[in-house]
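Residues per chain are reported as follows:
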Amino acid sequence: MADAELLPGTLDLLILKALSLGAQHGYGVLLRIEQITAGALAVEQGALYPALYRLVHQGLLDTEWGTSDNNRKAKFYSLTAAGRKRLKSETDRWNRNTLAINTALRAQEA
Amino acid sequence: MAWLARLRSFWRTARRRSALEQEMSDELQFHLVRRAEDLADRRGISPGKAMRLARLEFGSIERYKEEVRDALGITRLDLLHLSRTIRRSPASAAAAVLTLALTVGVGASIFAVVDAVLLTPPPFANPSALVTLGETPVDQPAAVPRAVPDTTFAAWRERAGSLASLEAYDGTNLTLTRLGPAERVGAMDVTTGFLPLLGVTPALGRGFGVDDVGRPVAIVSDGFWRARMAGDPAVIGREIVLGGRVHTIVGVLPKQFSFSLNRSDIWRPLPTTPLRAARTGDRVRVIARLGGNVSPAILAAALDDVSRTASPPSRVVATSVATAIAGDATRTLELLMGAAALALLIAFTNLAGLLIVRSIDRRRELAVRSALGARHSEVARQLLMEAVVLVGMGTLGGVLLALWLTPMAGQLALEQFGGALNGQVAVSWRVIGLVAAVAFACACICGLLPAAGAARWSVVDVLRRGATPSARELILRRVFVVGEVALAFVLLVSMALLGRTLLDVLAVSPGFEAHGLLTFQLSLPVATYPGPERVVSFYSTLQNALQERLGSRSVSIVDELPLTVDRGRTVVSLRRLETGPEAVVRTASPGYFDVMRIPLVGGRSFGPEDNSAATPRVVISESLAGRLFASEQPIGRRIWLAAQAQMADVVGVVGDVKHRALDEALLPTVYLSALQAPSPSSIVIVRSARPDADVIAAVRAEAARLDGNLPVYRVRPMQDVVTVSPGVSSRRLLTAAFTASALVALVLSAIGVFGVAAHDVACRRAELALRMALGADSMRLLRATFGQGATLVGWGLAVGALLSIWAARALSGVVFTTAASDVLGVGLAAAVLMATGAGAVLPAALRAARTDPLVVLRNE
């Protein structure tokens, strides 16, 4: 794993993104983030859960106990309507910010 | 019902919390299992190894759980936060809460008694202006002030003028008949101005008027009216029979009124001086209401010359009513409060120590949290919250315990302090308020000390030093342990001194053999037994009948038992109307000294021939013989008894007995023959080999055969009389209280020393290992650890020794201290604490000595 530090606030966004592809349990979320970032961003395993609970608490995620692929009881997370909306607004904001910062950084280089 | 809603929401949170905890555990477990499976697949390692690796990767599960809880914002004011606190170190938290509950409970119960005895004013109008007046002989300034003759009262009243108004009362017991079974009731004969002086008006009927003096009228207490007359609204004008005489009820006193100096149910007008003049030796007690700006001392000084010319010459003693009511109870209660306060202090010290250790253990979490933006105030608040929760639980438990203990304490207080109770002994809001205030203040201190420490941490320090606590924290922790040891020392010394004194007092010979004696009180009403002949004939017949049933040398009769009262005194001299030593007067029937096993020193004891046909005869005690006759032979000499206004022949000399308390000086005694000077109220004493039940049945049966209306009451073994006598019972109580506190203190200080030693060794493992590796032997490490424990205990002993000086001063009224007993007490306490300290350090020391350098250094 190429370890890049997570920027503050990015974990929430990554979780929302990972879950936008379908309901998943905690470990599944971790694997999916690894997968979609191509292993470029390391998520501390334990840190995932406080973030998940926080998002549930904010009403962005829903939870349901179900059965995992190899028949174990697991807790599945899915996006709520509010979560979907937040993902969209956060993505927009992120893009705007990155654009602005990229512009700024390029200006400095010039 | 806002509180109901709040309670429901609290309950919901509580249930949600436990569900949440379960959910978190399940979820994290699932995560670890899946991770382990993946690792096993990817790296081809064994499942066990994979699981270990998964755990290692994950890091501290507890820490993340903690962050989840934080994320949900449930830590802050959630009372269940405490469940974590407890789960982390359940034993020490439980011990802290338990000791707190115990000490708070006992403290609150004692305070409830203090409240009823010392802090509640007597139920009279403006009680601070009321004083009791009494006399003490000039040569015995420390004696208990006593009642005065009617003539003195009259002279005082005249002398007082506008300084104060004076009233008199005289307590007695009367037999109540024809209102259920015959029964003895407490009665007070009072001057007509007595109730108005206290500011009491009857709730029903009227008070006494001047015309009532000498007439058979009575005012009854509210309790008597409700219990004995079913609260009859038409009670005024009803008649009751007291002492064989019909009395008309003219009033009922208000419910809240009680005269604690002499509890009674019946109040009658006191006959004025001329009516009582015939009965020599009668005395009254005097109460006065001071005029404005008059102090008790001014009044006493104004009345003094009346008493100085009395026989024996006396001084006037004016005591505020509140003080008079509290009496001996004040000292005992203050000491009890002291023991309770020390125990409470130890419980809080223990808690503070615990919280410090816990804040040290949690420093990483707290430091990270404050680095992540939590302000110091939040961290402090969390530590404080923890203290408040622990203290809250302890206090709640304590109050519950107090609710359970207080009725017992009240019963004990009633037995111990009798009249001194001005109010109910109950867990009142006042008691709860005080307990809550003290507990909250202590919680703040206990919580803020570690919080203040936490405020100084910086993340850098914490991360650099890891779990090693700062020197400041270590010192603070040590200070608390030293405090515990010091308090334990003070309590142990106090316990030793008290216990020693109790044993000393119990070892004092009362002058008779209490074991195996049974006593029975009887009282003959004047109406049925008008003259001395009738009284003599009743008691002689009773004694003869009982001797026939129980054995000829096993029964006797006396007017008052030793170790109960020292009333009834006379001045004794060799010539008529001279002054001389004062002696307690007792009236004894034939066989008394034999049954009591009071040694006969010379002459003979009373026999049937010492009756009304003979000249007055007395038996005197050894100390009186010494005072009167020095080395001359007293037998056959004549002495003058001032109170009886007669000369009497000395026929015998007996050993002295203790009249009021075992720890008081011997009082000279003169015994009159019961056949010559009978007392209507007397006590039958029986020493028999038969079972108590048989003896009691026999006495009741014989008394009933002679007079069916006569109650036999206050049936008790003489041993009980000794046990409840003033010098013994309060010391027994105090010894018990200090022993209990000392044991709690000892256990807690042992836990404290153990904790510090164990923590030290754990923190210094690397250092110890290094030393071992460099060649230090285990004995040396053992000694070093012991040395540290000894330093802690040593400081505790030093501080404790200083505090003990103060404690010994506080106890000086109760304990007999000699240099020897002091040294013994201090030595004993020090030895016990050193042994306990050594025991507490031992496990840690052994661990230090067994340090395996290889294992430790590999782990570090």
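All of these numbers come straight from a predicted model, not from anything done at the bench.

(A) Examining the overall build of chain B more closely. Of regular secondary structure, chain B possesses 27 helices and 22 strands. Once local pairs closer than 6 in sequence are excluded, the contacts in chain B between residues at least 24 apart make up 79%. On chain B, roughly 38900 Å² of surface is accessible, and the fraction owed to carbon and sulfur atoms is 61%.

(B) Main features of the overall build of chain A. If you tally the helices and strands in chain A, you get 4 helices and 3 strands. Across the 110 residues of chain A, 37% fall into the buried class. The long-range fraction of contacts in chain A, counting pairs at least 24 apart against all pairs at least 6 apart in sequence, stands at 51%. Counting only carbon and sulfur atoms, one obtains 53% of the accessible surface of chain A, whose full area is about 6400 Å².

(C) Up close: the interface of chain A and chain B. If you look at the interface, chain A gives 23 residues, while chain B gives 22 residues. A buried area of about 2100 Å², summed over both sides, lies between chain A and chain B, and 56% of it is on carbon and sulfur atoms. The three residues of chain A that bury the most area against chain B are Tyr27, Gln45 and Tyr53 of chain A, which together make up 33% of that side's buried surface. Between the two partners, chain A and chain B, sit 3 salt bridges. A salt bridge links arginine 72 of chain A to glutamate 37 of chain B; its shortest N-O distance comes to 2.4 Å. At the junction of chain A with chain B, the criterion picks out 10 residue pairs in polar contact (both at pLDDT 80 or more).

(D) How the structure looks around the nonpolar core. Ranked by size, the top nonpolar core spans 93 residues in total, and within it Val113, Leu333, Phe348, Leu351 and Leu833 of chain B carry the most contacts. At 17 residues, helix 12 (residues 329-361) of chain B tops the list of elements feeding residues into this core. In this structure leucine 351 of chain B touches Ala96, Leu100, Leu390, Val391 and Cys446 of chain B, once residues within four positions along its chain are discounted. Core analysis: the next-biggest nonpolar cluster, separate from the first, contains 36 residues, Val29, Tyr49, Ala51 and Tyr53 of chain A among them.

(E) Empty space enclosed by the protein, seen in detail. Residue and element names in this part refer to chain B. The tally for this structure, following the rule as stated, stands at 7 cavities of 30 Å³ or more. Its boundaries defined by the atoms lining it, the second largest cavity holds a volume of some 60 Å³. Looking at the second largest cavity, the residues that line it are Val357, Ile360, Leu474, Arg477, Arg478, Val756, His759 and Asp760. Among the secondary structure elements, those contributing two or more residues to the lining of the second largest cavity are helix 12, helix 17 (471-507) and helix 23 (726-763). When its residues are assigned to classes, the lining of the second largest cavity shows 4 nonpolar, 1 polar and 3 charged.

(F) The arrangement of the packing of aromatic side chains in detail. Residues and elements named next belong to chain B. Here the structure, examined in full by the defined rule, presents 11 aromatic pairs over all chains. Here tyrosine 529 and phenylalanine 538 contribute two aromatic rings whose centre-to-centre distance is 5.6 Å and whose plane-to-plane angle is 70°, an arrangement assigned as edge-to-face. The exposure class of phenylalanine 538 is buried, given its relative accessible area of 5%. With a centroid separation of 5.2 Å and 80° between ring planes, the pair formed by phenylalanine 538 and tyrosine 539 is classed as edge-to-face. Among the aromatic residues, those joined into a ring-pair cluster are Phe124, Tyr169, Phe194, Phe257 and Trp267.

(G) Region of the structure containing the sheet that holds strand 3 (residues 73-79) of chain A. Residues and elements named next belong to chain A. One open sheet accounts for 3 strands, arranged 1-3-2; its pairing is antiparallel. The sheet terminates laterally at strand 1 (24-25) and strand 2 (61-67), the two strands that pair on one side only. Where strand 2 and strand 3 come together, 7 bridges link them in antiparallel fashion. Of the residues in strand 3, the one forming a bridge with threonine 63 is tyrosine 77.

(H) The arrangement of the packing of helix 18 (residues 532-550) of chain B against helix 21 (residues 692-706) of chain B in detail. Residue and element names in this part refer to chain B. At a closest axis distance of 10 Å, the pairing of helix 18 and helix 21 adopts a crossing angle of 140°. As judged from the angle between their axes, helix 18 and helix 21 are oblique. Note on packing geometry: the crossing formed by helix 18 with helix 21 is right-handed. Where helix 18 approaches helix 21, its residues Phe538, Thr541, Leu542, Ala545, Leu546, Arg549 and Leu550 are matched on the opposing element by Val695, Ala698, Val699, Ala701, Glu702, Ala703, Arg705 and Leu706. Residue composition of the contact of helix 18 with helix 21, by class: 11 nonpolar, 1 polar and 3 charged.

(I) Layout of a nonpolar patch on the surface. On the surface, a nonpolar cluster with roughly 320 Å² of combined accessible area is contributed by Leu396, Leu400 and Leu403 of chain B. Along the chain, leucine 400 of chain B turns up in helix 14 (residues 376-417).

(J) Fine view of the pattern of salt bridges. All names here are of chain B. Under the definition given, this model contains 29 salt bridges over all chains. Note that arginine 604 is salt-bridged to glutamate 609, the shortest N-O span being 3.5 Å. Take glutamate 609: its relative accessible area is 42%, and that puts it in the partly exposed class. Among the ionic pairs, arginine 638 bridges to aspartate 649, the shortest N-O distance being 3.1 Å.

(K) Highlighting the packing of helix 2 (residues 26-36) of chain A against helix 3 (residues 45-57) of chain A. Residues and elements named next belong to chain A. Across the interface, helix 2 lies against helix 3 with an axial gap of 10 Å and an inter-helix angle of 115°. With respect to helix 3, the axis of helix 2 lies roughly perpendicular. As helix 2 packs across helix 3, the resulting crossing turns out to be right-handed. Across the interface between the two elements, Gly26, Tyr27, Val29 and Leu30 from helix 2 touch Gln45, Leu48, Tyr49 and Leu52 from helix 3. Of the residues assigned to the contact of helix 2 with helix 3, the class counts are 6 nonpolar, 2 polar and no charged.

(L) Highlighting the environment of proline 717 of chain B. Residue position: proline 717 of chain B is located in strand 22 (residues 713-717). Residues within four places of proline 717 of chain B in sequence aside, it is in contact with Leu517 and Leu518 of chain B.

(M) Broad picture of the state of the cysteines. Overall, the coordinates contain 0 disulfides over all chains when judged by the stated rule. Here cysteine 444 of chain B stays free of any disulfide, with the sulfur of cysteine 442 of chain B as its closest cysteine sulfur at 9.1 Å.

(N) Structural view of helix 25 (residues 778-811) of chain B. Residue and element names in this part refer to chain B. Helix length check: helix 25, at 34 residues, gives a terminal C-alpha distance of 46 Å against a target of 50 Å (1.5 Å per residue), a fit within 8%. Along helix 25, the helix axis deviates most sharply at leucine 803, where the bend reaches about 25°. Where helix 25 is concerned, the buried positions are Leu781, Leu782, Thr785, Gly789, Leu792, Val793, Gly796, Leu797, Gly800, Ser804, Ala807 and Leu811.

The rules behind the values
Residues numbered from 1 in each chain as written. Chains lettered and ligands numbered in written order. Predicted model: local features only at pLDDT ≥ 70, side-chain atom pairs only at ≥ 80, totals over all residues. Heavy atoms only, no water. Helix = DSSP H or I, 4+ residues; strand = E, 2+ residues; numbered from the N terminus. Contact = heavy atoms within 4.5 Å. Areas by Shrake-Rupley, 256 points an atom, 1.4 Å probe, with all protein chains shown as cover. Buried < 20%, exposed > 50% of the residue type's maximum accessible area, 1.4 Å probe, protein only. Buried area = accessible area lost by both parts, 1.4 Å probe. Salt bridge = Lys/Arg side-chain N within 4 Å of Asp/Glu carboxyl O. Polar contact = N/O pair within 3.5 Å; in protein donor to acceptor, adjacent residues only side chain to side chain. Core = buried A, V, L, I, M, F, W, Y, C linked by side-chain atoms within 4.5 Å. 1 Å grid on protein atoms, 1.4 Å probe; cavity = no way out; pocket = protein on both sides within 12 Å on 5 of 7 lines; lining within 4 Å. Points joined across faces, edges and corners; volume = space filled by probe spheres on them. Nonpolar A, V, L, I, M, F, W, Y, C, P; charged D, E, K, R; others polar. Phe/Tyr/Trp six-rings, centres within 6.5 Å; stacked < 30°, edge-to-face > 60°. Pairing = 2+ DSSP bridges. Axes fitted to C-alpha atoms, helices over the stretch in contact; angles between N-to-C directions. Parallel < 35°, antiparallel > 145°, perpendicular 65-115°, else oblique. Left-handed = near helix turned anticlockwise from the far one by under 90°. Patch = residues over 30% accessible without salt bridge, like charges linked within 9 Å, V, L, I, M, F, W, Y side chains within 5 Å. Disulfide = S-S within 2.5 Å. Expected span 1.5 Å × (residues − 1). Bend = angle between axes of the 7 residues up to and from the residue.

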